[in-house]
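Chains, contacts and geometry: an overview
Chain by chain, the residues run as shown.
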Amino acid sequence: MFQTFPVWPERASTTAGSVDALFIFLLTLCGLMAIMIFILILVFAAKYRRSRGREAEQIEGSNALELTWSGVPLLIFMGIFVWGAAIYFKERTPPQDSAEIYTVAKQWMWKFQHMEGQREINELHVPIGRDVKMIMTSQDVIHSFYVPAFRIKQDVLPGRYTVAWFRATKAGRYHLFCAEYCGTSHSGMIGDVVVMQPAQYEQWLSGGPAAPLAQTGKQLFLSLGCSTCHRFDVQGRGPNLMNAYNRPVLLDDGRTITADENYLRESILTPAVKVVSGFKPIMPIFQGIISEEQLNALVAYIKSLNQSPEGTAGTRNTPTGSPTGQPQMMQVQ
Amino acid sequence: MATSPTPAAERENYLNTEYGIRSWLLTTDHKRIALLYLLLITFFFFIGGFFALLIRLELLTPAGDLVQADTYNKLFTMHGQVMVFFFLIPAIPAVLGNFLIPIMIGAKDLAFPRINLFSWYLLVIGGLLMMYTILTGGADTGWTFYPPFSTAFAKSQVVTAALAIFVAGFSSILTGLNFIVTIHRMRAPGMTWSRLPLFVWANYATSIIQVLGTPVLAITLMLVALDRLFDFGIFDPQRGGDPLLFQHLFWFYSHPAVYIMILPGMGVVSEVVSCFSRKRIFGYKFMALALIAIAVLGFLVWAHHMFVAGISLYAALVFSLLSYLVAVPSAIKVFNWTATMYKGSISYATPMLYAFGFIGLFTMGGLTGLFLAALGVDVHVTDTYFVIAHFHYIMVGGMVMAYIGGLHFWWPKISGRMYPEAWGKLAALIIFVGFNLTFFPQFVLGYLGMPRRYWQYSPEFQVLNVLSTAGATILAVGYVLPMVYFLWSMRYGKVADENPWGAAGLEWMTASPPPIFNFDETPVVTWEAYDYANLKEVAVEP
Amino acid sequence: MGMWVFLITEIMFFGGMFTAYMVYRYMYYQAFVAGSEKMDFWWGTINTVVLICSSLTMALAVRSSQIGQRKALVVLLIITMLFGCVFMGIKAIEYTGHWKEHQFPGTNFHFEGPDPQHVEIFFSLYWAMTGFHALHMLIGIIIVGVIAFYSWRGKYGPDYYNPVENVGLYWHFVDMVWIYLYPLLYLISHKHGG
């Protein structure tokens, strides 16, 4: 009945160490603070215990003390804030060349799509030492992707992508928990993250037939008719998607936004919300027609279109965000 | 003090001035209304407590073997909703505040006595709706009602639960309104703002929060109900809605709500500590300002419940920073209470034991708030048992102890009788031990990674869960004891005189229990608050 | 003072919905324009005028109570109620129209044009905001009626007109809410296109 009795979670990621460091600092600081208060109270209670012949000394207060014990904690708190913020900043900024894994959460399971095509349910294989970026969405309600050994957690929302990243440092099998209450089997929506040595991971990847995600996306792009309007050779009825990902986009209401994953997703599911300048809002709605997994494949495909250095027309491959803010591609010339 | 005081029964007071159920159900006397509230919230405390016991029983084993998953989900939801809205929020203001504020400021009653009674009836109606919800299966959304689960997926009594809380919310709003007007307009001559007891300041600050924050919860719950009833889709991403909007609206109230719960407790502690140190509270001005600061700053930190919810990085930074700011006035209060004891004349009467418990446990709870405000740490511990431990330390270790301590402190005034002191001390000790055993292991569980709202859990968490459940049973015993001896004391307790503690404050200058209009004549105040320098020493058993 | 504090709670109550409105309008401006175009400009404008007039009669009623003119007080209160009823009547006409046009969110909803999803959100907010406003109007009409009755009985005069004043405050507040609702719901598209 009573298994091993851990009091500290394992550390298996680069983040874990820094989180633990701050935590231990806080434990020490707050522990000392609490002990100090306890001791003072106990000492005062004992030393100034009511006794005949001694009256309480009425002390109004002391501005100096008040300012001190407001100011000093404030400074300490600011320090803690900065430290915590620094860790958080790092946690929310995935490194540029992270390996991407698309995640679809649903009641009550975790579905993972590796770029290489592997699909997993409730188990996630990753290699040690590689930055991994989870691009996550939910099919139904809010869930939360939580790996205690990595010290990371990110809510997974329906209707948009949220992102979490980590770099595993120790081989092993670690708990994956859903951390946002999602209904009946919330406590059953658990799994394992399996961290492997890079060689073993490559082996695991190659075992089993699977088309790379972007390729699946390309097939969908053709079969769903996207290529009818989104052409690469001539100007079609829809914007050219070559090198479109993460570039600025001028919309018909004058706003300029960046074509990130969430924009791509929204443009497929409910295109009329943001219409590119110079184009008509004629794109059909794909919400309810394609699944989250198919959507992930399409997004992966469109992102892959950024990789071809030659592109179709040389003038189109201009770099991102020129200083004048002129969006390059996504408007009628 | 040589002759024994006249027992209440022989003197006209608010309890015996009229008998019969109509005189209670149609009363406009704030003191009787306070007792009506006492009955109501005690009832709900035990309902919520019962759910808690079931939760802890289930968690004795890693597998879900006591109740089904859906039932468990309803248990923690109803535990939270009942405890928060039908016990914690009303408790000190509606029981102690209602009873004491008019007396403490030298008034005959509150500004709007009939609205006061109406507030009670609103809580009754809300309570009936909540009982209906429970008896028809309960809601299973968590007390936080997050959509789209609550609007489009939950197959439980969400709408009735939301309605119940909506109605209870208006009870809270009207009480706050009543207190604000009363404190502004009905102070006795000479009772200036700077002479008010800190208990009054605390309830004033609380009332501001109640009045400003609760309506936002009301409309948010209404939108959820509309979404469920008429399929509005306002929070449903499939229909273009934004679930995060709900979270912002919900927490905009629910964070200040926790200050509604704790500020009155702080007020009680100030009264108790100063009385049982026989000293004016250290730094009165700072204490009053700190209360207001907490109330104001409390409105600016709501999104610290959403650091991993999908808000922007920059928003998170802002809210983390602000959360640290609100910690400062709370720290000030703890230091001031401690300083009040310095060179005081300290008695260990039961109320003071509860105050000690409050200071210790609130400090621990508050300090763990620092952990949660630290963004990097919060990512790991949010939505785990660490958070559960944090807020129970403050709400149960803090607020409930303050409430029970306050009940003990003012019991002679309310009932005209003393509770049995030895039992009082024993219960306080049992509660303190039980509480720590229940909730300290949960900090460890949280850091280990056990998420909250889990019906079944990973086996390595079991030992800590067993400890926690053991503590809960001890805590339950501790809570039952005062119930029993308070009732006992009403018949057999030692008759109390006007001021058995030798405390400062207008409430101790009138009979125990007070006459129906509180004072025989309107007091004229010419002294400062906590005037212990001029109060005669009273031999209290230490 | 109590009434002022109560009105502050009402501001917070409606404030929640206004916040939701602001957020969604920012996110889905075009859809809000499209939804607003479906509003009946004339009914909305007439209603606004009606409410402003009712606030005038309410203010005059308060004045009458202050100077002890009982008859004028009763008459003005009744006229205020009548204006309120006209408002409710017009809203009933509008609501029926919207319902027939499938502009009530839910399974019945239908909108021709791009982005119907977010137009539905506009309508959700329309129904919720004007619905709660109408509820407050209804309560107001009833309360004014009660006050009118007591006025007729001679309860109010220069030495005691507090309740009239308080009801007046409440009435003006409900009017103010409409003054904000009207442009936000009815005037978006006209501002946009003329």
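Residues numbered from 1 in each chain as written. Chains lettered and ligands numbered in written order. Predicted model: local features only at pLDDT ≥ 70, side-chain atom pairs only at ≥ 80, totals over all residues.

So, about the overall build of chain B. Helix and strand content of chain B: 16 helices and zero strands. Against the 2.2 N^0.38 benchmark of 24 Å for 542 residues, chain B shows a C-alpha radius of gyration of 23 Å, consistent with a compact globule. If one aligns the C-alpha atoms of chain B with their principal axes, the spans along those axes are about 75 × 45 × 45 Å. Burial status across chain B gives 67% buried among its 542 residues. Of the contacts made within chain B by residues no fewer than 6 positions apart, 85% connect residues no fewer than 24 positions apart. (Helix = DSSP H or I, 4+ residues; strand = E, 2+ residues; numbered from the N terminus. Rg over C-alpha atoms; globule rule 2.2 N^0.38 Å. Buried ≥ 20, exposed ≤ 12 C-beta atoms within 10 Å, placed from the backbone. Contact = placed C-beta atoms within 7 Å.)

The helix and strand tally for chain A stands at seven helices and twelve strands. For a compact globule of 333 residues, the expected C-alpha radius of gyration is about 20 Å, and chain A comes in at 27 Å, more than 25% above that figure. By the burial criterion, 36% of the 333 residues in chain A qualify as buried. Looking at chain A alone, contacts between residues at least 24 apart form 69% of all its contacts between residues at least 6 apart.

Mapped onto the secondary structure, isoleucine 474 of chain B falls in helix H16 (residues 462-492). Filtering out sequence-adjacent residues up to four positions away, isoleucine 474 of chain B remains in contact with Ile430, Val433, Gly434 and Leu437 of chain B.

Taken residue by residue, chain B gives an average pLDDT of 93. The fraction at 70 or more is 97%. Across the whole predicted complex the pTM is 0.89, and at the interface the ipTM reaches 0.91. (pLDDT = per-residue confidence, 0-100.)

Residues and elements named next belong to chain A. Here strand E1 (residues 99-106) pairs with strand E2 (residues 109-114) via six bridges, running antiparallel. Bridge assignment links alanine 105 to a residue of E2, and that residue is tryptophan 110. With antiparallel pairing between neighbouring strands as the criterion, E1 and E2 make up a hairpin whose turn holds two residues. Here E2 pairs with strand E3 (residues 119-121) via three bridges, running antiparallel. When the bridges of E3 are listed, phenylalanine 112 appears paired with glutamate 120. (Pairing = 2+ DSSP bridges.)

Each strand in a sheet pairs with its neighbour through backbone hydrogen bonds, running either in the same direction (parallel) or in the opposite one (antiparallel). Residue and element names in this part refer to chain A. Spatially, five strands are ordered E4-E10-E9-E6-E7 in an open sheet, and the strand pairing comes out mixed. A single partner strand is all that each edge strand has here, and the edge strands are strand E4 (123-127) and strand E7 (152-156). Each adjacent strand pair in this sheet contributes to an overall mean axis angle of 20°, direction not counted. Bridge count between strand E9 (residues 172-178) and strand E10 (residues 190-196): six bridges; the pairing is antiparallel. Bridge pairing in E10 places leucine 176 opposite glycine 191. (Axes fitted to C-alpha atoms, helices over the stretch in contact; angles between N-to-C directions.)

Between chain C and chain A, the contact holds seven residues from the first and five residues from the second. Taken together, the elements giving at least two residues each to the side of chain C that touches chain A come down to helix H2 (29-37) and helix H5 (116-152) of chain C.

What follows deals with the domain arrangement of chain A. Residue and element names in this part refer to chain A. Domain assignment breaks chain A into domain 1 (10-38 + 77-208) and domain 2 (213-310). In this structure, domain 1 and domain 2 have C-alpha centres spaced 29 Å apart. Opposite the eleven residues of domain 1 that make contact, domain 2 presents eight residues. Counted by class, the side of domain 1 that touches domain 2 contains five nonpolar, four polar and two charged residues. (Domains from an automatic or database assignment. Nonpolar A, V, L, I, M, F, W, Y, C, P; charged D, E, K, R; others polar.)

The extent of an interface is frequently quoted as the accessible surface area lost upon association of the parts. At the junction of the two partners, chain A supplies 77 residues and chain B supplies 78 residues. Among the elements of the structure, helix H1 (14-47), helix H2 (63-91), strand E6 (143-147), E7 and E9 of chain A are those that each provide at least two residues to the side of chain A that touches chain B. Element by element, the count of residues in the side of chain A that touches chain B is highest for H2 of chain A, at 16 residues. Its residues assigned to classes, the side of chain A that touches chain B comprises 44 nonpolar, 19 polar and 14 charged.

This part takes up the packing of helix H4 (residues 91-105) of chain B against helix H7 (residues 158-185) of chain B. Residues and elements named next belong to chain B. In contact at an axis separation of 11 Å, H4 and H7 are set at 15° when each is read in the N-to-C sense. Viewed along their axes, H4 and H7 adopt a mutual orientation that is roughly parallel. Classified by chirality, the crossing of H7 by H4 is left-handed. Across the interface between the two elements, Pro93, Ala94, Gly97, Ile101, Pro102 and Ile105 of H4 pack against Thr175, Phe179, Thr182 and Ile183 of H7. Its residues assigned to classes, the contact of H4 with H7 shows seven nonpolar, three polar and no charged. (Parallel < 35°, antiparallel > 145°, perpendicular 65-115°, else oblique. Left-handed = near helix turned anticlockwise from the far one by under 90°.)

Turning next to helix H5 (residues 113-135) of chain B. Spacing of three or four residues puts side chains on the same side of an α-helix, whose turn is 3.6 residues. All names here are of chain B. With 23 residues, H5 should reach 33 Å at 1.5 Å per residue; the first-to-last C-alpha distance of 33 Å fits that figure. Asn116, Ser119, Trp120, Leu122, Leu123, Gly126, Gly127, Leu129, Met130, Thr133 and Ile134 are the residues of H5 that are buried. In the core, the buried residues of H5 are packed alongside helix H2 (30-58), helix H3 (69-88), H4 and H7. Just beyond H5, the residue with positive phi is glycine 137, at close to 115°. (Expected span 1.5 Å × (residues − 1).)

Before going further, it helps to spend a moment on the sheet that holds strand E5 (residues 131-138) of chain A. Residue and element names in this part refer to chain A. Strand order in the open sheet formed by five strands is E3-E2-E1-E5-E8, and the pairing between neighbours is mixed. Where the open sheet ends on each side, the last strands, each with one partner, are E3 and strand E8 (162-167). Here the average twist between neighbouring strands, direction ignored, is 25°. Running over the sheet, helix H7 (residues 292-304) touches E1, E2 and E5 and is turned about 160° from E1.

Residues and elements named next belong to chain A. Burial analysis of E1 places six of its eight residues in the buried class, the great majority of the element. Here E1 runs beside E5; their pairing, made up of seven bridges, is parallel. Each bridged residue has a counterpart across the sheet, and for tyrosine 102 the counterpart in E5 is isoleucine 135.

The first and last C-alpha atoms of H5 of chain C sit 52 Å apart over 37 residues, in line with the 54 Å expected at 1.5 Å per residue. Glycine 154 of chain C lies just past H5 of chain C and shows a positive phi near 85°.

Here we take up the confidence of the model for chain A. On average, residues of chain A score 88 in pLDDT, and 90% of them are at 70 or above. Taking the mean pLDDT of every element in chain A, the minimum, 91, falls on helix H3 (residues 198-206) of chain A and the maximum, 97, on E6 of chain A.

A separate point is unusual backbone geometry. Residue and element names in this part refer to chain B. For the peptide bond that leads from proline 147 to proline 148, omega is -5°, which places it in the cis range. Along the polypeptide, proline 148 turns up in the loop between H5 and helix H6 (149-153). Note the cis peptide between serine 512 and proline 513, where omega equals -5°. Phi is positive for aspartate 231, which is not a glycine, with a value near 60°. Summarising the element assignment, aspartate 231 is placed in the loop between helix H8 (198-230) and helix H9 (243-277).

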